[in-house]
Amino acid sequence: MAQGLEVALVDFQSSRNNVQHHTEEIGLDYLLVRRGQPFNITLYFRNQGFQPGLDSIIFVAETGPLPDMAKGTRAVFSLTRGSGPSPWIASLETNEANSMEVSLCAPPTAAVGRYLLKIRIDSFQGFVTAYQLGEFILLFNPWCPGDAVYLDSEPQRQEYVVNDYGFIYQGNKNWIRPCPWNYGQFEENILDICLELLDKSLHFQIDPSTDCALRGSPVYISRVVCAMINSNDDNGVLNGNWSENYMDGINPAEWTGSVAILKQWHATGCQPVRYGQCWVFAAVMCTVMRCLGIPTRVITNFDSGHDTDGNLIIDEYYDNTGRILENKKKDTVWNYHVWNECWMARRDLPFGYGGWQVLDATPQETSNGLYCCGPASVRAIKEGEVDLNYDTCFAFSMVNADCMAWLVQGGKEEKLHQDTATVGNFISTKSIQSDERDDITENYKYEEGSPKERQVYQKALQKLKDGRSQGSNRADSEPSRESQYSSRSLDTPALQPSNVVQVSLKFKLLDPPNMGQDINFVLLALNMSPQFKDLKVNLSAQSLLHDGSPLLPFWQDTAFITLSPEEAKTYPCKIPYSQYSQYLSTDKLIRISALGEEKSSPEKILVNKIITLTFPGIIINVLGQAIVNQLLSIQVIFSNPLSEPVEDCVLTMEGSGFFKKQLRILIGVLKPHHKATITLKTIPFKSGQRQIQANLSSNKFKDIKGYRNVYVDFGL
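Residues numbered from 1 in each chain as written. Predicted model: local features only at pLDDT ≥ 70, side-chain atom pairs only at ≥ 80, totals over all residues. Heavy atoms only, no water.

Peer 1: Hey, could you run me through the overall build of the protein chain in this one?
Peer 2: When you go through the protein chain residue by residue, the secondary structure sums to 14 helices and 36 strands. At 30 Å, the protein chain has a C-alpha radius of gyration in line with the 27 Å of a compact globule built from 716 residues. C-alpha extents for the protein chain along the principal axes are approximately 115 × 65 × 40 Å. Taken across its 716 residues, the protein chain has 58% of its residues classed as buried. Pairs at least 24 apart in sequence give 69% of the contacts found in the protein chain among residues at least 6 apart. Split by element, the accessible area of the protein chain, about 28500 Å² in all, is 51% carbon and sulfur. The centroid of the 65 positive side-chain charges in the protein chain is displaced by 2 Å from the centroid of its 80 negative side-chain charges. (Helix = DSSP H or I, 4+ residues; strand = E, 2+ residues; numbered from the N terminus. Rg over C-alpha atoms; globule rule 2.2 N^0.38 Å. Buried < 20%, exposed > 50% of the residue type's maximum accessible area, 1.4 Å probe, protein only. Contact = heavy atoms within 4.5 Å. Areas by Shrake-Rupley, 256 points an atom, 1.4 Å probe, with all protein chains shown as cover. Lys, Arg positive; Asp, Glu negative; His and termini not counted. Charge placed at Lys NZ, Arg CZ, Asp CG, Glu CD.)

In structure tokens, the structure reads:
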């Protein structure tokens, strides 16, 4: 008796397809394809071949726990030469005696995620058979013009999707240092962990069917991932901690990559990893987004505003010694803050606001009830369109809020000055296919002090006033962070630093601020008037956390300076290592301040400078040529920069393509100024341009870093 068409075997051609879909770095033994781009599979039949016109073949692709054709999570499409009702396409490539090759293509708007592919065969003899062919993963496609994440530059796609290492900029605006980072988005199990992260989100837990249906939207996915990187609302990846107490976890400064963090989160049943701060949140988000196929880069903003009441003014409070006080309103200027930009079309906004979008996973304020921020169009931020979704007002304040300084004494607040240029400097990201730093400040705002920049600021203020007058009408479109305003600050005219005093103060370092050495600096005082000036200047130094939170002062001085007309004088200052060492935060930031007053004038002059203490870095040498699957020796040279012994020294090493997991090497005690060398052996398993990252921590310091870029040959 004649049999119907029976499938004996299916070949997903994962090796060939994955190369064509730019997913071969993730693996070659599982089908990983991108939407909007065809992929081929081969069907082998048991007893006879496919007969066009007689046999009918229908494919079914399903994703999520409740596949639904109406929601787009179930697609039914037939093998035809023409187009059918489904946006999914199946076409016959070749037809042999007992096999055929079929080209399948998901639409460029399809939901991303894990899919099950099924087939139903109606044979002309009347037999109907159905098979599950297997699973595949569908990702965003920045190579496809129809995809909302399409990026039309191959060098940019290589940098922002394919590159698995980079730099995150830290320090302060006067001393910007690159921190090497292993994104590792193509490392083993990372894609599975990224998909697990989507399934652990509150959106999926509450309504999995709708959540999966919305996974075709990069705007939606980016908000879900942003909320899941922190753990404030859910079992997200990282716990934030700015307390300086990290005894029950890892100091955020010690991390050198995302892979160890994501794998720990997965291995502990999705318990948040301790601990992260802004650059760690942003780096892990970069890993997840690049893995899913959304072009992403990490951005650092120096002197970043955190405006808690949505009035575009950061209020800072000082006492009469010039030290900064804990802010009762919690407005702060972060020494630096790190977020992401993701590239996507914004079809939910007016034309022209697609492209780079700010996403900030650091849990600062809520957005529609969850701790996430963005996507906010970078162009909308530059143009002051603060009423556009999502969280554009908050993002605007991070780069362009004004700063108001207040003197607090005798229970009263006295305005010192309003500065329009303090916030938002040297906005930085890694250059494309280079280790250089790109300054992208002009993407976010017009030149400070220009009429256009002030015009945009006033426009943003006006939009806030308009939004306030509309009351609750805006609640659905913008988060709660913009629902409270201080009318005093909104209507305050900009106060320029007073010209009455006609004296300028400025700090200048005399030596590089090396950790373990005394800090030598001078206060420069200049009298710009034709009169004598008698100054009393209160000086102080205090440690800062990078989020702007002040610690207690550890050094104070008072200077009495008499200046002849148009005279300049220097007042020398020294802070010994013995005085500052026990007061340092992990960030190694010291803020020196001077508050000056002149006998015959009520005006006061405030000046401050932030110093970042520096360490000598780790040196990494590769001994010989790096070739895939051949033993390689790596030399690591590091030292104790202090004139005292340090204990509990741990060297961590990682690098995608070099190490399967992060190495932790216990060093123990390092004597004062002792230099040590160790040699490691490893077998590279990926070719191309790679990076090795290293970190040395101890009981006295946590983040001595080093890196080495290495080209790994494929070999024979």
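Peer 1: How should I be thinking about the side chain of Q364 in this particular structure?
Peer 2: With respect to the helices and strands, Q364 occurs in the loop between β17 (355–359) and β18 (376–377). Classification of Q364 as buried rests on a relative accessible area of 11%. A distance of 3.4 Å separates polar atoms of two side chains, one belonging to Q364 and the other to H306. At a separation of 3.2 Å, a polar atom in the side chain of Q364 contacts the side chain of H337. Setting aside chain neighbours within four positions, we find Q364 in contact with H306, W334, H337, Y371, F394 and M398. (Polar contact = N/O pair within 3.5 Å; in protein donor to acceptor, adjacent residues only side chain to side chain.)

Peer 1: Could you clarify how one ought to interpret the sheet that holds strand β29 (residues 604–612) in this entry?
Peer 2: Working definition: the strands of a sheet are paired by backbone hydrogen bonds and lie parallel or antiparallel to each other. Taken together, four strands build an open sheet; the order of strands is β26-β25-β28-β29 and the sheet is antiparallel. The two strands at the open ends of the sheet, each matched to only one other strand, are β26 (550–563) and β29. Strand after strand, the sheet turns through a mean of 15° between neighbouring axes, direction not considered. Relative to β26, strand β25 (residues 533–544) runs antiparallel, the two sharing 11 bridges. (Pairing = 2+ DSSP bridges. Axes fitted to C-alpha atoms, helices over the stretch in contact; angles between N-to-C directions.)

Peer 1: What is the right way to look at helix α6 (residues 218–229) in this model?
Peer 2: Residues three or four positions apart in an α-helix share a direction because the helix packs 3.6 residues into each turn. The end-to-end C-alpha separation of α6 is 16 Å, in line with the 16 Å expected for 12 residues at 1.5 Å each. For α6, the tally of buried residues reaches 12 of 12 residues, placing the bulk of the element in the interior. (Expected span 1.5 Å × (residues − 1).)

Peer 1: What am I meant to see in unusual backbone geometry here?
Peer 2: Of all residues except glycine, most have a negative phi; of all peptide bonds, most are trans. Going from R274 to Y275, the amide bond is cis rather than trans, its omega being 10°. If you trace the backbone, Y275 turns up in strand β13 (residues 273–276). In this structure, P375 follows G374 across a cis peptide bond, with omega equal to 5°. In the Ramachandran plot, Q13 falls in the positive-phi region, its phi being about 50° despite a non-glycine side chain.

Peer 1: Looking at this model, I keep getting lost on the environment of W175. Mind explaining?
Peer 2: By the secondary structure assignment, W175 is in strand β11 (residues 175–182). Note on W175: relative accessible area 32%, which makes it partly exposed. C-alpha of W175 to C-alpha of R468: the two residues are 293 residues apart in sequence and 40 Å apart in space. Every residue in contact with W175, bar those within four places of it in the chain, is listed here: Q170, T612 and T614.

Peer 1: Help me understand the pattern of salt bridges in this model?
Peer 2: Pairing between side chains of opposite charge can happen when their charged atoms approach one another. What the rule picks out here adds up to 34 salt bridges. Residue D402 is joined to R454 by a salt bridge in which the shortest nitrogen-to-oxygen separation is 2.9 Å. Of the two residues, D402 is situated in strand β19 (residues 402–409) and R454 in helix α12 (residues 451–470); the sequence distance between them amounts to 52 residues. Under the relative-accessibility criterion, D402 is labelled buried at 1%. (Salt bridge = Lys/Arg side-chain N within 4 Å of Asp/Glu carboxyl O.)

Peer 1: Looking at this structure, how should I read the environment of R708?
Peer 2: By the secondary structure assignment, R708 is in strand β36 (residues 704–712). R708 sits in the partly exposed class, given a relative accessible area of 34%. Between the C-alpha atom of R708 and that of P180, which follows or precedes it by 528 residues, the distance is 9.2 Å. Residues within four places of R708 in sequence aside, it is in contact with I620, N621, V622, R690, Q691 and I692.

Peer 1: Sorry if this is basic, but what is going on with the side chain of S593 here?
Peer 2: Looking at the element boundaries, S593 is found in strand β28 (residues 589–598). Polar side-chain contacts of S593 include one of 3.0 Å to the backbone oxygen of G322. Not counting residues up to four positions away in its chain, the partners in contact with S593 are G322, F507, N538, L539, S540, V607 and N608.

Nothing here speaks to function; it is all geometry.
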